[in-house]
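The primary structure of each chain is shown beneath.
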Amino acid sequence: MSSRRAVFAATAVLALAGCADLGYYWQSASGHLALMRAARPVPEWLQDPAASDALKAKLELTQRIRRFAVAELGLPDNPSYKAYADLHRPAAIWNVVAAPAHSLTLKTWCFPVAGCVGYRGYYDEAAARAEAAALSAQGLETVAYPVPAYSTLGWMNWAGGDPLLSTFIGYPEGELARIVFHELAHQVLYVAGDTMFNESFATAVERIGGARWLQSQAGEPARLEYAQFDGRRQQFRALTAQTRQVLKDIYASKEAQAQDWAAVDAQKKAAMEDFRQRYAAMRAGWSGPRQGAYDGWVARANNALFGAQAAYDELVPGFEALFEREGRDWPRFYAAVKRLAALPKDERMSALRPGDVAAPAVRKPIEEPHHPSRQGGPGA
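Residues numbered from 1 in each chain as written. Predicted model: local features only at pLDDT ≥ 70, side-chain atom pairs only at ≥ 80, totals over all residues. Heavy atoms only, no water.

(A) Highlighting the state of the cysteines. Counting across every chain of the model gives one disulfide. The disulfide that involves Cys-110 links it to Cys-116, with 1.9 Å between the sulfurs. Across the S-S bond of Cys-110 and Cys-116 the torsion is about 100 degrees, and the bridge reads as right-handed. Classification of Cys-116 as partly exposed rests on a relative accessible area of 32%. (Disulfide = S-S within 2.5 Å. Buried < 20%, exposed > 50% of the residue type's maximum accessible area, 1.4 Å probe, protein only.)

(B) Structural detail: the sheet that holds strand β1 (residues 39-41). Taking strand neighbours across the sheet as the criterion, the three strands line up as β1-β2-β8 in an open arrangement whose pairing is mixed. The open sheet has two free edges, formed respectively by β1 and β8 (164-165), since each of these has just one partner strand. Here β1 pairs with strand β2 (residues 83-85) via three bridges, running antiparallel. The residue of β2 that forms the bridge with Pro-41 is Ala-83. (Pairing = 2+ DSSP bridges. Helix = DSSP H or I, 4+ residues; strand = E, 2+ residues; numbered from the N terminus.)

(C) Examining the pattern of salt bridges more closely. Here the structure, examined in full by the defined rule, presents 23 salt bridges. Lys-268 is paired through a salt bridge with Glu-141; the nearest N and O atoms lie 2.3 Å apart. A residue pair is termed long-range when its members are at least 10 positions apart, and Lys-268 in helix α10 (residues 261-284) and Glu-141 in strand β7 (residues 141-147) qualify at 127 residues. In this structure Lys-268 comes out as buried when scored by relative accessible area, which is 13%. The class of Glu-141 is buried, set by a relative accessible area of 17%. Each of Arg-237, Arg-244, Lys-248, Asp-313, Glu-314 and Arg-353 takes part in a single network of salt bridges with overlapping partners. (Salt bridge = Lys/Arg side-chain N within 4 Å of Asp/Glu carboxyl O.)

(D) The arrangement of the pairing of β7 in detail. Counting buried positions along β7 yields six of seven residues, so the element is predominantly enclosed. As defined by bridge partners, strand β3 (residues 93-99) adjoins β7 across seven bridges and the pair is classed as antiparallel. Among the inter-strand pairings, Trp-94 is bridged to a residue of β7, identified as Pro-146.

(E) Quick peek at the nonpolar core. If you look at the biggest cluster of nonpolar residues, it comprises 97 residues, and the most contacted ones within it are Leu-75, Phe-197, Phe-201 and Phe-333. The leading source of residues in this core is helix α7 (residues 195-216), at nine residues. For Leu-75, the residues in contact, after removing those within four places along its chain, are Ala-69, Val-70, Phe-181, Leu-184, Ala-185, Val-188, Val-205 and Tyr-334. Counting 12 residues, the second-largest nonpolar core is a separate cluster that includes Ala-91, Trp-94, Ala-98 and Leu-135. (Core = buried A, V, L, I, M, F, W, Y, C linked by side-chain atoms within 4.5 Å. Contact = heavy atoms within 4.5 Å.)

Just geometry here; none of it tells us what the structure is for.
Below is the structure:
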């Protein structure tokens, strides 16, 4: 990358960081630029005698997935995911999330373009953990968790786009397809300050698109592998959704209204113990590879992690129902989602709740927004 292009890229990435301290500005810009510098076009990797056959096979697979995303799912055809970077670390970034002791509402960080989001990303794990510790000292429940990929929402396509990363290239075929579809979906639509809308939309795209890829493009071994893990994922998500509702009810209880925090804490402790016991029973029924995939999540589980998980789950049924209502037609679906995005937040949330999507109140069409922000999530 030329020095001039690097300056332009740094300026763009600094805009992603928003109104934070200069140290955070710098780590955001320098971290992303280092990632971009590590990226090389996929054809170069395929011709590199030092690259393993396993890596080359995965990279060839991603390019088939990339072409499928454009041809079959109507996702953007641009430079993103046509280069690959080996980061030599286990995550692209580490997100910090925090919530009060008696609420699942996440602390937010506000940026001038991206709006307010319920996480803060760091390229250095130690820096993320230091931020989490500082927030914990303020009485918040916190988690710093690894994120395998993030989206610059198309803002960096002029400089090569978002690359494939070593942090997820080894995923099984179905999971690899899902993550590419998810991150490209963020380039279709982004609503400033509405993490749940954005992430639930991208999750719906990855789920519908991933199922279509497996049905039409994958072999039987890939389908069986995916079916096993996805079955476990749906079990786990159902359990976390039930526990979230229990916690919400506790935090809205008469004891909470009376500020009887000892009683609230006792109920919360019982709910968390029940969650872990039910997970242990569920896990005992699993066998084979990735049996303990959610062990770390369960060990760290707190209000912050439950709150973050909600962003990826809660509105997905509404988006899936909208896709069906639009005749499973991708252009019509994206247009309908953009119309929903034009509504006030409370109206679009109401329209996407299960059972409310049949006739959303759409007032006017809008142009596709162009807002830069890093995206990432728990991955469960």
